[in-house]
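Here is what each chain is made of, one letter per residue.
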There are 2 protein chains.
Amino acid sequence: MNPLFASHIYQERRNKLGAAFSHGVALFLANGESSMNYPANTYRYRQDSNFLYFFGLSLPNIVGVIDFEKNRSILFGDDFTIDDIIWMGDQPKLLDLATQIAVDEVRPLAELSSFLKGKQVHFTPPYRAENKIELARLLGKNLDELTPSVDLIKGIVALREIKSFEEIAQMVEANEIGVHMHTLVMRYCRPGVTERELYGIAEGIALGMGNGTSFPVILSQNGQTLHNHDHSLTLEDGRLLVMDAGVENVMNYCSDHTRTLPVSGTFSTKQREIYETVYQANMAAIANCKPGIQNIENHKLAVTILTEGLQKIGLMKGNIEESVALGAHALFMPHGLGHQIGLDVHDMEDLGENYVGYDDTMQRSSIFGWRSLRMAKTLRPGHVITIEPGIYFIPHLIDIWKKEKKFEAFINYDKVETYKNFGGIRIEDSVLITEEGGRVLGKHLPKSVEEIEATINS
Amino acid sequence: MNPLFASHIYQERRNKLGAAFSHGVALFLANGESSMNYPANTYRYRQDSNFLYFFGLSLPNIVGVIDFEKNRSILFGDDFTIDDIIWMGDQPKLLDLATQIAVDEVRPLAELSSFLKGKQVHFTPPYRAENKIELARLLGKNLDELTPSVDLIKGIVALREIKSFEEIAQMVEANEIGVHMHTLVMRYCRPGVTERELYGIAEGIALGMGNGTSFPVILSQNGQTLHNHDHSLTLEDGRLLVMDAGVENVMNYCSDHTRTLPVSGTFSTKQREIYETVYQANMAAIANCKPGIQNIENHKLAVTILTEGLQKIGLMKGNIEESVALGAHALFMPHGLGHQIGLDVHDMEDLGENYVGYDDTMQRSSIFGWRSLRMAKTLRPGHVITIEPGIYFIPHLIDIWKKEKKFEAFINYDKVETYKNFGGIRIEDSVLITEEGGRVLGKHLPKSVEEIEATINS
């Protein structure tokens, strides 16, 4: 079992959620075990984050219900049998667990289906097929008839996106583990080591100090490939290594850091120029964080700084404001500046990106680059967001745009051609929004050119 | 992408499977990505082992079909789009991949459903809910109407259970990594270290040198709890640490070793007595491995030696043959001697344990202890099995049996009571059956009392 917050915290969260509903029930299915290659051989268990938020318990085969009409919560589940206990050891009773999360009542799972009959049932979008099947069964519907509750989604986002002091302490812990993990990889980074070895070190630290990595580790010399989970190369002198990796602590709060390392221990002049540009964008966007500003402004600030830097290097040209508005920079940074982070590394992404990162007054852009921004809305104290600008030279994308003569007024394709084997650079931290501004979570992780070089060579 | 065997190997496997079928098709769905806490956040990818065996490719979103009537194989799938390639980098074409596994034809996934119409479709038992839903959709059936093909199951077991030279080389590699992993944990084993730290080291090695651990690691001072995946304790002087852990190499072949370590670095007299008994059972069962004998005889040999040892210590008594036949020893070893191992750590368990470990002439026992034996049938050259006897003192089980006065003629409950805090001991290796006998796979992993103590203290 995972550690839990004090029981009243779960009670208060459920009460706050219930305040917006006058009838019906909210249904939270725990995640089950997930099979790898045969039924009994399962992946590391990961509870659903909404379940964790309202019901805390990191266990499969239970269902949490908030009855909005009666203002009560019920845990549906069955105690372990004596046979289970022989193989699994002493197990806590559901009634004791229910007390720890201030749930009013425990009932057998078999009663859930009839309990729900005739009630308005709010549920979040299921993302595991087992839970889709179970939801359909419980509600007597077909798989394609499951309609998640937008009211519930909005109610959950309003709560989960503002992190409490207890949660921030957990996130700091996750970030401390993440800093340790990244620092250790920096120390082992040198020509001849394999990506897979470094990846193993990272995973080992994440599992040895917390609940493992918070998402599939990106650790590659092909940093220009944004979704790169290959670790098959050997580190080579002169190349850059991008490591984008986070951990979950034992309460499933997440960290997410990216650092880019020169394999040789020293950035080349060309690498350093790009690195400094990304670094400035990262630092400026963090410094700009404060309550009341829209995060899309941070994105704009960051890509403006990147554009200025790329112009100085001679890779871009033309009117900067226009270039940014049209998305010419997206050749170099096709992704957004960041996302919310909490119990999920992309926090609440199961509920739908736009419910989390946009509000009713905003329309998500359809422009390449801009459209990939996950978190655009107004920052508020208690938000935790990532700031992760980057510059990449993606040969396929360069070829397509060049052929289409896209943004020729803003991009010096001849010069860009000479960077096709450069790779990519990204720098990422997690920032808590406070009343005063933004605070990077966790101990400082080497970030400037000098700090990175010193750590690799230490 | 994973490495592959030579293309003709896959061709030959499909041909051999087809030899037993005159009509219909065999349908192999690749495993998909498996979501953790939101759709895009997925677990480490694990291909289905039957798919790996016949179609080799470790990729989601493809389907392999063997058309028995036309004696052809087809890969259904779609190439990556240019958008995918921008985010994921260069991707091999399906047609090129099909060539590498000697598949005759590639067709779009959208054509699969109509291709199957009217055909007799053989498939294996689906164990992932996504594939259940997809199978039901493809075959126009309800989820509860999916009937796996017993002929296909038997045909696959007949092939996969006899490991080829290429496969044995892969399994040796997996075992080498496993030996390295266990040895490293032995070296870090000492009072004050946490189970979680050692677990992290093990996982780090498995992911850094292969495709990760082959099943959820058991690493616990509560070794008497057989399915114990808790790692929350700190190592204490005087206790035993059971580590049951294996790895997959990059071609997904598995290892599985168990060692039991004295945290202090030296077994106490009491621990050594039990350890030597388990060690003798392990060694004798391995020495007894040869083609032609039923593995249930190895199980019997091992539990007989355990019973003799437990009698010498004063924990058991009475007629040994009778005691073994009735299952009195199962108080101390409720599980079976072992299982087949290959592309799955419990090889082919998705196909059904009895199809893998029993033949048509055998009936699985219903006696507690005996009924848990997974691999009972006659050993043949090319089988790889685990040999994993153990002795455990499971307080719950002791209490139940004692209260029921179960096997009082064979068990000295008063003495057993004094072992209630002992924990458990298991010793496990993987054995290849050759024409001559049995060969433990991989380098020797310290196993005797002297070897274990020397390694911990080195």
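Reading guide: rules and limits
- Residues numbered from 1 in each chain as written.
- Chains lettered and ligands numbered in written order.
- Predicted model: local features only at pLDDT ≥ 70, side-chain atom pairs only at ≥ 80, totals over all residues.
- Heavy atoms only, no water.
- Helix = DSSP H or I, 4+ residues; strand = E, 2+ residues; numbered from the N terminus.
- Contact = heavy atoms within 4.5 Å.
- Buried area = accessible area lost by both parts, 1.4 Å probe.
- Salt bridge = Lys/Arg side-chain N within 4 Å of Asp/Glu carboxyl O.
- Nonpolar A, V, L, I, M, F, W, Y, C, P; charged D, E, K, R; others polar.
- Least-squares fit on C-alpha atoms with pLDDT ≥ 70 in both.
- pLDDT = per-residue confidence, 0-100.
- Buried < 20%, exposed > 50% of the residue type's maximum accessible area, 1.4 Å probe, protein only.
- Arc of directions from axis to C-beta.
- Pairing = 2+ DSSP bridges.

Draft legend 1. Main features of the environment of Gly210 of chain A. Here Gly210 of chain A is to be found in the loop between helix 9 (195–209) and strand 8 (218–220). Residues Gly210 of chain A and Tyr253 of chain A, spaced 43 residues apart in sequence, show a C-alpha to C-alpha distance of 9.6 Å. Aside from chain neighbours lying at most four places away, what touches Gly210 of chain A is Ile177, Ile205, Glu248, Asn249 and Val250 of chain A together with Arg196 of chain B.

Draft legend 2. Geometry of the interface of chain B and chain A. At the junction of the two partners, chain B supplies 60 residues and chain A supplies 60 residues. Both sides of the chain B and chain A interface together cover about 5000 Å² of buried area, and 62% of this is carbon and sulfur. The three residues of chain B that bury the most area against chain A are Tyr38, Ile86 and Trp87 of chain B, which together make up 16% of that side's buried surface. On the surface where chain B and chain A come into contact, there are zero salt bridges. Elements supplying a minimum of two residues to the side of chain B that touches chain A: strand 2 (35–38), strand 3 (41–42), helix 3 (82–88), helix 6 (129–139), helix 9 (195–209) and helix 14 (395–403) of chain B. Tallying contributions element by element places helix 9 of chain B first for the side of chain B that touches chain A, with nine residues. A class-by-class count of the residues in the side of chain B that touches chain A yields 28 nonpolar, 20 polar and 12 charged.

Draft legend 3. Focus on the relation of the copies chain B and chain A. Least-squares fitting of chain B to chain A yields an RMSD of 0.0 Å, with the superposition described by an axial translation of 0.0 Å and a rotation of 180 degrees. Such a turn and shift between the copies fits a two-fold axis. Taking C-alpha positions as reference, the residue of chain B nearest the rotation axis is Gly204 of chain B, located at 1.9 Å. A shared binding surface is used by both copies, with 98% of the interface residues of chain B retained as interface residues in chain A.

Draft legend 4. Representation of the pattern of salt bridges within the structure. Enumeration according to the criterion identifies 49 salt bridges over all chains in this entry. Ionic pairing is found between Glu176 of chain B and Lys443 of chain B, a salt bridge with its closest N-O pair at 3.9 Å. One end of the pair, Glu176 of chain B, is in helix 8 (residues 165–188); the other, Lys443 of chain B, is in the loop between strand 15 (438–440) and helix 16 (449–456), with 267 residues separating them in the sequence. Salt bridges sharing common partners tie together Arg160, Lys163, Asp344 and Asp347 of chain A.

Draft legend 5. Structural view of the confidence of the model for chain A. A residue-level look at chain A finds 100% of positions with pLDDT of 70 or above and a mean pLDDT of 96. What the predictor reports for the complex is a pTM of 0.97 with an ipTM of 0.96.

Draft legend 6. A look at helix 16 (residues 449–456) of chain A. Residues and elements named next belong to chain A. All of the buried residues in helix 16 are Val449, Ile452, Glu453, Thr455 and Ile456. One face of helix 16 carries all of its buried residues, which in axial projection span an arc of 165 degrees. Looking at the buried side of helix 16, the elements it contacts are helix 8 (165–188), strand 10 (257–262) and helix 10 (269–287).

Draft legend 7. How the structure looks around the sheet that holds strand 4 (residues 63–67) of chain A. All names here are of chain A. Read across the sheet, five strands follow the order 6-5-4-1-7 without closing on themselves; strand pairing throughout is mixed. Every interior strand has two partners, whereas the edge strands, strand 6 (105–107) and strand 7 (121–122), have only one. Pairing between strand 5 (residues 72–76) and strand 6: three bridges, direction parallel. The partner of Phe76 across the bridge, within strand 6, is Arg107.

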